[in-house]
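Summary of structural features
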Amino acid sequence: MSEPKPPTPTIPTPGDAYKGWLFKWTNYIKGYQRRWFVLSNGLLSYYRCQAEMGHTCRGTINLATANIAVEDSCNFVISNGGAQTYHLKASSEIERQRWITALELAKAKAVRMQDESDDSADEFSAAPPATTQAAGSHPSEVQSTLRILGSKVEDLSTCNDLIVKHGSALQRSLSELEGLQVGTDMGEKIRQVTERATLFRITSNAMINACRDFLSIAQSHSKRWQKALQTEREQRIRLEETLEQLAKQHNHLERAFRGATVLPPSLSNPNLSIKSGVSGKGDASDEDDDNEFFDAMEDPTGFITVPADPKYHRRSGSNISGISNETGMDDQSYDELSLASNSESSPPLELELVRQRRTRIPDKPNYYLNLWSIMKNCIGKELSKIPMPVNFNEPLSMLQRLSEDLEYYELLDKAAKCQSSLEQMCYVAAFTVSSYSTTVHRTGKPFNPLLGETFELDRIRESGYRSLCEQVSHHPPAAAHHAFSEKGWTLRQEITLASKFRGKYLSIMPLGSIQCMFDRSNNHYSWKKVTTTVHNIIVGKLWIDQSGEIDVVNHKTGDRCHLKFAPYSYFSRDVPRKVMGVVTDKDGKAHYVLSGTWDEKMEFSRIMQSSKGENGTEGKQRTVYQTLKPKEIWRKNPLPEGAENMYYFSSLALTLNESEEGVAPTDSRRRPDQRLMEEGRWDEANAEKQRLEEKQRSTRRERERDAVKAAPTPEEGAHPDNYQALWFEKIHDSMSGETLHVYKGGYWDAKEQGSWEMCPDIF
């Protein structure tokens, strides 16, 4: 039987409860289910029905730490940082607005009450127990409360006596009435009243008994509470006395040390005292900053990191050399010394005009996707010739997405300045993670490049690097990428995508490798990409996850960094999108730990000591690394304003499809369907996309016929994708042992001369 819908309550004043029906998302099978929600005292609770309010609460969320977000006219989301998330839907936009207003008012009040309680707690903890009377004030307050409760129970007992007295009199009167000669109906009614009076007396007795039980329990526990409180207070007093003694001893030792280290005037140097860490007032704060410990982190990679012993932190000059011999560098060397040594050799700053890049593109239109119209256009066509509409795309090609890997090119610039190959490995590993930061909200599919399509990214003036991509194969689709920098590094990669549809999600496995070379050290690194998973393909909101493992290898020194991208799990307590890694040398000795998330930031810590720890959940013995304080090595740039309306493009992605003069006729910027989609003309873009795909098929058929005619035998040269790349050639890399397309040169000279006669007509 359906429950009656209560009248919609008005917006409550602070302190009142707000109740009503809302639809709550449960799962993909049941969808939204109707639940009864109650907002009271800064807590939002829900029940299956109103009858459950007295005994069964299905869930509660604290608004003081919650985030309230509106999705559309009726839907809104309440989340407290990942542990609890409620997807709710109101019956109308007006009802949703009432709930949002009530929630915001309740949240503001809860935050204010929490701040006030924190302030009062701070004031209480700051006040020292000066006298015995102050120390005993809290127990006296407890005794006062118990006395009040006892008096209330006595009042209730008195009321009970009165109820018994008057109830007995009432029963006697009713008995006398029952003895009179009256009708049967009257006697029956009198008996009913008597039964009700008896039940009333029984209920009163039960209430009194419950109150007595409560008083008894409170009295029995009060002594235990008083004893625990007194013990805590005594421990706090002892701790304060100990800290005061330590502070006096530290001050005394500091004065004695200064008096013992007075240098003669000929050897005095004001800078020496600063560098050696004995500079007077700056000591205490520096010590506190360096000895700041962090919580131990447990991860699925088979190791645990804990704070290193304080002896490994900043020491006097005599001890630093010992650490340097043991570990290769101290706490500061991997963040300051290498950059400081290279800053002297940096070229002088030259001012030159830099092109102003665009910061916006047209907003994404809200077109309705009619699946029936797509299916209607597929009738009678081969599966390989079915054109997918641009509704699933974003106005960038796969070549431009590859170029987005260079958004955090500064990491490679810093790596080129490193003197230590192990430190350089940390920056290269952070660069591999940073390339995934742009994918967290990018659920749109990039345009598949046409065979022979290119894309250049010339940032030589702004950032000191140039990049070129070319689609070198169509079956299987493969793209080659080459980038070089004036700062002394070269990046090249060849990526082929393989995908598998698994019902609810789509797995995209990038095949091929990425290589990075540094001119000064001749270090040669290589790694592969992890698997990208697109969830909720059929039903629900699309979201992307990265999972798998990456091994970054330095083929010159044998150094290695093993990175693990933890897959998202509803049941995991780890931070979502977590990445952990360890940098080891050729002998397998660990030197650095990297940790963070692929969508926000990465940190690295110097390992001072390692040991074997306890067995993990799977019975494997985990390694315990004692590390120094972590330092941030990379942080994601914030998205530009209004990015949610511009396909969640980053600042670099907004400029990739900007028209430029002098680019090759095969450049992705000249692709008409992609340009039309960016301008919001999606119907024209769909027609143009279909024309380009048909043109590519006809070009491929002509190439097949030419290959068959030119082949001396049917077996030779008749491969359907027998295409020679224009700017890349396939070689075998002896350093990494891999075969890939590498840049053979000539593009930038052709651009300077404006001679593009060799470029095919693909658009």
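The structure contained in this document is the topic of the report that follows. (Residues numbered from 1 in each chain as written. Predicted model: local features only at pLDDT ≥ 70, side-chain atom pairs only at ≥ 80, totals over all residues. Heavy atoms only, no water.)

Moving on, we get to empty space enclosed by the protein. Within this structure, the stated rule accounts for 3 cavities of 30 Å³ or more. Roughly 80 Å³ of internal volume is contained in the second largest cavity. Residue lining of the second largest cavity: 13 residues in total, with Ser 437, Thr 438, Lys 636, Leu 639 and Ser 650 positioned closest to the centre. (1 Å grid on protein atoms, 1.4 Å probe; cavity = no way out; pocket = protein on both sides within 12 Å on 5 of 7 lines; lining within 4 Å. Points joined across faces, edges and corners; volume = space filled by probe spheres on them.)

If a strand is regular, its side chains alternate between the two faces of the sheet. By the bridge criterion, 4 bridges tie strand E5 (residues 67-70) to strand E6 (residues 75-79) in an arrangement that is antiparallel. Across the sheet, residue Asn 67 finds its bridge partner in E6, namely Ser 79. Once E5 ends, the chain turns through 4 residues before running back antiparallel as E6. (Pairing = 2+ DSSP bridges. Helix = DSSP H or I, 4+ residues; strand = E, 2+ residues; numbered from the N terminus.)

A full pass over the atoms with the stated rule returns 37 salt bridges. The salt bridge involving Arg 466 is made with Asp 458; its shortest N-O contact spans 3.1 Å. For Arg 466, a relative accessible area of 24% puts it in the partly exposed group. Owing to a relative accessible area of 16%, Asp 458 belongs among the buried residues under this scheme. Put simply, Arg 577 and Asp 599 hold a salt bridge, and the shortest N to O gap is 3.3 Å. Residue Arg 577 is located in the loop between strand E21 (560-565) and strand E22 (578-584), and its partner Asp 599 is located in the loop between strand E23 (590-597) and strand E24 (601-615); the two are separated by 22 residues in the primary sequence. The exposure class of Arg 577 is partly exposed, given its relative accessible area of 27%. Residues joined in a network through salt bridges with shared partners are Arg 355, Arg 357, Glu 462, Glu 658, Glu 660, Asp 667 and Arg 669. (Salt bridge = Lys/Arg side-chain N within 4 Å of Asp/Glu carboxyl O. Buried < 20%, exposed > 50% of the residue type's maximum accessible area, 1.4 Å probe, protein only.)

With antiparallel pairing, 7 strands are arranged side by side in an open sheet as E4-E3-E2-E1-E7-E6-E5. Here the strands that pair on one side only, and so sit at the sheet edges, are strand E4 (59-62) and E5. For this sheet, the mean angle separating the axes of adjacent strands, direction not counted, is 35 degrees. (Axes fitted to C-alpha atoms, helices over the stretch in contact; angles between N-to-C directions.)

Looking at the secondary structure, you find Asp 733 in strand E27 (residues 728-733). Among the residues examined, Asp 733 registers a relative accessible area of 8% and is labelled buried. Among the polar contacts made by the side chain of Asp 733, one reaches the side chain of Gln 515 at a distance of 3.3 Å. Among the polar contacts made by the side chain of Asp 733, one reaches the side chain of Ser 736 at a distance of 2.6 Å. Once residues lying within four places of it in the same chain are set aside, the contact partners of Asp 733 are Arg 492, Gln 515, His 524, Glu 738 and Leu 740. (Polar contact = N/O pair within 3.5 Å; in protein donor to acceptor, adjacent residues only side chain to side chain. Contact = heavy atoms within 4.5 Å.)

With 14 residues, helix H12 (residues 421-434) should reach 20 Å at 1.5 Å per residue; the first-to-last C-alpha distance of 20 Å fits that figure. Within H12, 14 of the 14 residues are buried, which leaves it mostly tucked inside the rest of the structure. Here H12 starts with a cap whose side-chain oxygen sits 3.3 Å from the backbone nitrogen of Leu 422, and that cap is Ser 420. (Expected span 1.5 Å × (residues − 1).)

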